[in-house]
Amino acid sequence: MQNNLTFTNGTNLRIGTIYGIGKNYSKHAREMGGEVPKDPVVFIKPAASYVEDGGKIIIPDISKSVHHEVELVVVISKECVNVKSEDAHEYIAGYAVGIDATLRDVQSKAKAAGLPWATAKGFVTSAPISKVVPAEEIGNKEPLFSLLLSINGELRQKGNTADMERSVGKLIEYLSEIFTLQSGDCIFTGTPEGVGQLNKGDNVRAELVDQVSLEIIIE
Ligand code: MG
């Protein structure tokens, strides 16, 4: 098991809790048959679900439908308790691209039964994350990023974090009112539209345009 996030400058940080935000882009909320909720949808993936660049998503036997969701991942630098959105940039170690791998069939059953999404979202290998670009290299306090995801060279998802319903700052404000965020915690900030199925043997490439990319094989 991989424990450390690697930064593009060669430094490492032990990975902590992985938070996920659902339905943070309106077009994706609609393709899932819903709307953007009043309060953020939050779920958690275990740290042990992390996969580094060049690794694999292993489809578990409980599912026949694993979906890709390309997302901006924010890495926390220090403890966050009741952080205001305008101060959130002071708590960000860096930015990465991740794939919020989701067992869509398992999640659909859970939704229909009013049950949690833990197995659908937190299975082993459900959290591939690229190398992390240090926040100080990005500079801007509230940077915007373009996201791409292709399968076997074919473009499947394209989005920009400008379309997020809640900004990174607002998400850190919300999460830090409820949880204590710590150094090494990661936030998957939601996916744009265009999610779809992954199949064994697929080569998946996710990209934070002009910053960093992530290559994953499906097994
Ligand atoms: Mg997601």
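Our subject in this report is the structure included herewith. Within any chain, residue numbers begin from 1 and follow the written order of that chain's sequence. Reporting of local features is limited, given that this is a predicted model, to residues whose pLDDT is at least 70; pairs of side-chain atoms are given and counted only at 80 or more, and all residues count toward the totals for whole chains, interfaces and linings. Only hydrogens and water are set aside when side-chain values are computed; all heavy atoms of the structure are taken into account.

Next up on the list: the coordination of the magnesium ion. Coordination shells were defined by N, O and S atoms within 2.8 Å of each metal, extended to 3.2 Å for Na, K and Ca; water is absent from the atom set, which can make sites look incomplete. The magnesium ion binds to the protein through E69 (OE), E71 (OE) and D100 (OD); the donor distances cover 2.0 to 2.1 Å. Summary of the burial criterion: residues with accessible area below 20% of their type's maximum are buried, those above 50% are exposed, and those between are partly exposed, where the area comes from a 1.4 Å probe applied to protein chains only. Judged by relative accessible area, which is 0%, E71 ranks as buried. Overall, D100 belongs to the buried group, its relative accessible area being 0%.

Sheet strands pair via backbone hydrogen bonds, and the direction of the pair is either parallel or antiparallel. Whether two strands pair comes down to DSSP finding at least two bridges between them. A run of H or I in DSSP becomes a helix once it reaches four residues, and a run of E becomes a strand once it reaches two; helices and strands are each numbered from the N terminus. If you walk across this open sheet you meet the five strands as β6-β18-β17-β13-β14, and the pairing is mixed. Among the strands making up the open sheet, the edge pair consists of β6 (56-57) and β14 (154-160).

A few words now on the sheet that holds strand β10 (residues 102-103). Spatially, three strands are ordered β10-β7-β16 in an open sheet, and the strand pairing comes out antiparallel. Since the sheet does not close on itself, it has two edges, and those belong to β10 and β16 (196-198), each with one partner. Here strand β7 (residues 66-68) runs beside β16; their pairing, made up of three bridges, is antiparallel. Its bridge partner lying in β16, V66 is registered against L198.

A few words now on the pattern of salt bridges. Where charged atoms from two side chains of opposite charge approach closely, those side chains can pair. Within this document, salt bridges are pairs made up of a side-chain nitrogen of Lys or Arg and a carboxyl oxygen of Asp or Glu, the two lying within 4 Å of each other. Going through the model one piece at a time under the given rule, you end up with nine salt bridges. With a shortest N-O distance of 2.8 Å, K56 and E219 are connected by a salt bridge. Placement of K56 in strand β6 and of E219 in the segment after β18 (212-218) is noted, with a sequence separation of 163 residues between them. Ionic pairing is found between R156 and E154, a salt bridge with its closest N-O pair at 3.5 Å. Sharing partners across several salt bridges, the network here consists of K45, E69, D100, R104 and K121.

What follows concerns helix α5 (residues 168-178). The complete set of buried residues in α5 reads V168, G169, L171, I172, E173, L175 and S176. We call two residues contacting when some pair of their heavy atoms lies within 4.5 Å. Buried residues belonging to α5 abut β3 (18-22), β4 (41-45), β8 (70-76), β9 (92-99) and β15 (186-188).

Further remarks concern the nonpolar core. Grouping buried Ala, Val, Leu, Ile, Met, Phe, Trp, Tyr and Cys residues that are joined through side-chain atoms within 4.5 Å yields what is termed a nonpolar core. Membership of the largest hydrophobic core comes to 46 residues, with the highest contact counts inside it found for Y95, I172 and I187. Taken together, the elements giving at least two residues each to this core come down to β3, β8, β9, α4 (135-138), β13 (146-151), α5, β17 (203-208) and β18. Non-local contacts of Y95, meaning those with residues more than four positions away in its chain, are made with L72, V73, V74, K131, V132, V133, A135, I138, K141, P143, F145 and L208. In this structure, L5, A93, I129 and C186 belong to the second largest nonpolar core, which totals 15 residues.

Another point: the pairing of β18. Going residue by residue along β18, you find V212, L214, I216 and I218 tucked away on one face and S213, E215 and I217 left uncovered on the opposite face. As judged from the two bridges shared by β6 and β18, these two strands associate in the parallel manner. From the neighbouring strand, K56 faces β18, where its bridge partner is I217. As paired strands, β17 and β18 are joined by six bridges and run antiparallel to one another.

This paragraph deals with the side chain of S63. With respect to the helices, strands and loops of the structure, S63 is situated in the loop between β6 and β7. Overall, S63 belongs to the buried group, its relative accessible area being 7%. At a separation of 2.7 Å, a polar atom in the side chain of S63 contacts the side chain of D105. Sequence-distant contacts of S63, defined by excluding residues within four places in its chain, comprise L103, D105 and V106. Polar contact criterion, stated in full: a pair of N or O atoms within 3.5 Å, where within protein one must be able to donate a hydrogen and the other to accept it, and residues adjacent in sequence count only if both atoms are side-chain atoms.

Here the focus is the packing of aromatic side chains. Pairing of aromatic side chains requires ring centres within 6.5 Å, counting the rings of Phe and Tyr and the six-membered ring of Trp. Pairs whose planes differ by under 30 degrees are stacked, by over 60 edge-to-face, and all others tilted. Taken as a whole and judged by the stated rule, the model has three aromatic pairs. Taken together, a centroid distance of 5.0 Å and an interplanar angle of 55° make the contact between Y19 and F179 tilted. Taken as a pair, Y19 in strand β3 and F179 in the loop between α5 and β15 lie far apart in primary sequence, 160 residues in all. We classify Y19 as buried; its relative accessible area is 4%. Between Y95 and F145, the ring centres sit 5.1 Å apart and the planes meet at 45°, which makes this aromatic pair tilted. Of this pair, Y95 sits in strand β9 while F145 sits in the loop between α4 and β13; the two residues are 50 residues apart in sequence, bridging distant segments of the chain.

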